[in-house]
Each structure stands twice: as C-alpha cells, then as structure tokens.
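Here's the letter readout for the chains.
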Amino acid sequence: DDDVDLDDFGHLQACYSGSGYPQEDVRCADALLDDDDDIDTTDLAVFLTCVSGANVQYDSACSGSP
C-alpha cells in the first residue's frame, strides 16, 4: 500500500525468526530486508529506516524495500 506503518511492523513481527534461523515461509519473503535468510534485528533496523506512517508514502530511497 506504499506506506510503512504499524500494519507492516506487525507483519515483520509475525515473521521474525531470529538470528541464524532461516525464515522459509513464502508469506514472509517481503520481510527479508537484509542480505541473509533470517528475519532478525538487522531486518528491523532496515524497517525502521523506512517507516513513514499510515497513509504516507515511504521514501523509495530508504534502505531496503518493505
């Protein structure tokens, strides 16, 4: 929906696997925001650079693409 908000955070949180634990659920592929196959604090750090708020288009220059 072109914004990065609490709904997206909830999705990231639901997909969180932890460092070193690959996330293999295809529904979580869009939450893999860094260069490895787990969803952990480094993915959260990328997410936080992209937060725009509800109904506010995120900056396409942010680190990653939520």
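Right above here is the structure, for reference.
Keep in mind the model is a prediction, meaning the values are calculated, not measured.

Parameters and conventions
- Residues numbered from 1 in each chain as written.
- Predicted model: local features only at pLDDT ≥ 70, side-chain atom pairs only at ≥ 80, totals over all residues.
- Heavy atoms only, no water.
- Phe/Tyr/Trp six-rings, centres within 6.5 Å; stacked < 30°, edge-to-face > 60°.
- Helix = DSSP H or I, 4+ residues; strand = E, 2+ residues; numbered from the N terminus.
- Buried < 20%, exposed > 50% of the residue type's maximum accessible area, 1.4 Å probe, protein only.
- Disulfide = S-S within 2.5 Å.
- Patch = residues over 30% accessible without salt bridge, like charges linked within 9 Å, V, L, I, M, F, W, Y side chains within 5 Å.
- Areas by Shrake-Rupley, 256 points an atom, 1.4 Å probe, with all protein chains shown as cover.
- Salt bridge = Lys/Arg side-chain N within 4 Å of Asp/Glu carboxyl O.
- Lys, Arg positive; Asp, Glu negative; His and termini not counted.
- Charge placed at Lys NZ, Arg CZ, Asp CG, Glu CD.

Q: I'd like a description of the packing of aromatic side chains, backed by residues and values.
A: Under the defined criterion, the tally for this structure stands at one aromatic pair. An angle of 45° between the planes, with centres 6.0 Å apart, marks the rings of Phe9 and Phe47 as tilted. Of this pair, Phe9 sits in helix H1 (residues 6–15) while Phe47 sits in helix H2 (residues 41–50), and the two are 38 residues apart along the sequence. Judged by relative accessible area, which is 4%, Phe47 ranks as buried.

Q: Describe the state of the cysteines, and please don't skip the residues or the numbers.
A: Under the definition given, this model contains one disulfide. Disulfide partner of Cys15: Cys28, at an S-S distance of 2.1 Å. Around the S-S axis, the bridge from Cys15 to Cys28 shows a dihedral of about -80° and counts as left-handed. Of this pair, Cys15 sits in helix H1 while Cys28 sits in the loop between H1 and H2; the two residues are 13 residues apart in sequence, bridging distant segments of the chain.

Q: Describe in detail a negative patch on the surface, supporting the description with residues and values.
A: Judged by side-chain charge, Glu24, Asp35, Asp36 and Asp37 come together as a negatively charged surface patch. Mapping Glu24 onto the fold places it in the loop between H1 and H2. Its relative accessible area of 69% is what places Glu24 among the exposed residues.

Q: Let's hear about the pattern of salt bridges: which residues, and what values?
A: Counted by the stated rule, this structure contains one salt bridge. With a closest N to O distance of 2.7 Å, Arg27 and Asp25 form a salt bridge.

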